[in-house]
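Each chain, written out:
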Amino acid sequence: MLNQEKIRMMARLSIFEKREGRDVPRISRYYKADYISNRILRAALHYSLCFLLVASFVLLLKINRIFESLNPDFLLSLGRGILLLYLLGLSAAVVAAAALSANYYDRIQRLGDRYLDELERLLELEEAEDALPASPPGEEEASPDPFPSEQEAPELSLEELSEEEPPDEEGR
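Residues numbered from 1 in each chain as written. Predicted model: local features only at pLDDT ≥ 70, side-chain atom pairs only at ≥ 80, totals over all residues. Heavy atoms only, no water.

**Student:** Looking at this structure, I do not really get the overall build of the protein chain. What am I missing?
**Tutor:** In terms of helices and strands, the protein chain carries six helices and zero strands. Within the protein chain, counting contacts between residues at least 6 apart in sequence, those at least 24 apart form 84% of the total. Carbon and sulfur atoms provide 60% of the accessible area of the protein chain, an area that totals close to 14700 Å². (Helix = DSSP H or I, 4+ residues; strand = E, 2+ residues; numbered from the N terminus. Contact = heavy atoms within 4.5 Å. Areas by Shrake-Rupley, 256 points an atom, 1.4 Å probe, with all protein chains shown as cover.)

**Student:** Quick question: what am I supposed to make of a nonpolar patch on the surface here?
**Tutor:** Where nonpolar side chains cluster on the molecular surface, the patch consists of V54, F57, V58 and L61 and spans about 400 Å² of accessible area. With respect to the secondary-structure elements, V54 resides in helix α3 (residues 32-61). (Patch = residues over 30% accessible without salt bridge, like charges linked within 9 Å, V, L, I, M, F, W, Y side chains within 5 Å. Salt bridge = Lys/Arg side-chain N within 4 Å of Asp/Glu carboxyl O.)

**Student:** Is there a simple way to think about the side chain of S101 in this case?
**Tutor:** Here S101 shows up in helix α5 (residues 72-131). Of the residues examined, S101 reaches a relative accessible area of 4% and is grouped as buried. Engagement of the side chain of S101 in a polar contact is seen with the backbone oxygen of A97, the distance being 2.6 Å. Ignoring any residue separated from it by four or fewer positions in sequence, one finds S101 in contact with Y35, I36 and R39. (Buried < 20%, exposed > 50% of the residue type's maximum accessible area, 1.4 Å probe, protein only. Polar contact = N/O pair within 3.5 Å; in protein donor to acceptor, adjacent residues only side chain to side chain.)

**Student:** In this structure, what is going on with the layout of surface pockets? I would like to understand it.
**Tutor:** Leftover empty space is mapped by rolling, across the atoms, a probe with the size of a water molecule. Taken as a whole, the largest pocket spans an internal volume of roughly 280 Å³. Put simply, the parts of the chain that give the lining of the largest pocket at least two residues each are α3, α4 (63-68) and α5. Across the lining of the largest pocket, the residue classes break down as ten nonpolar, one polar and two charged. In this structure, the second largest pocket encloses a volume near 180 Å³. (1 Å grid on protein atoms, 1.4 Å probe; cavity = no way out; pocket = protein on both sides within 12 Å on 5 of 7 lines; lining within 4 Å. Points joined across faces, edges and corners; volume = space filled by probe spheres on them. Nonpolar A, V, L, I, M, F, W, Y, C, P; charged D, E, K, R; others polar.)

**Student:** Can you help me understand the packing of aromatic side chains in this one?
**Tutor:** We describe a pair of aromatic rings using the distance from one ring centre to the other and the angle between the two ring planes. Taken as a whole and assessed by the stated rule, the structure comprises five aromatic pairs. Note on Y35 and Y105: the rings are 5.6 Å apart at their centroids and 35° apart in plane angle, and the pair reads as tilted. One end of the pair, Y35, is in helix α3; the other, Y105, is in helix α5, with 70 residues separating them in the sequence. Across the pair, Y105 and Y35 agree in class, each one buried. Ring pairing ties together the aromatic residues Y30, Y35 and Y105, which thus form one cluster. (Phe/Tyr/Trp six-rings, centres within 6.5 Å; stacked < 30°, edge-to-face > 60°.)

Right, dumping it as structure tokens:
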């Protein structure tokens, strides 16, 4: 008889593997600090590239104003402003990446732990089901064993095998 609880548990585990489970093995390979530092490094790199693209675009739009006032004080204040904007944005990106990746890592670890607990429960159900007798007590099995043991099979000697007649070959 099918165990309905076991079927439901296997369906839930399958759905989990399909939806959220694909991130669990990928992220659980890392220690938390390594995962967070990797995500921070990637966020800093992405922010730097985006800032470079946006700053280049803005500088190209304002190129006339820059060339009109080409004095050292203006260029120095422009450089300081760009650097300050870059550092503020970079620090915000790093803090956000650290917080989000730590939260995500903890969530994935909890999901992985819950998944392993469900697998252990399923294994316990399997072991409990295997420990139960195959038929109710006092009744013999209705169907014969599909794989008889070697003790039940008759042993034939080499002489007995050679004495057997080969099958007819009329079909040739």
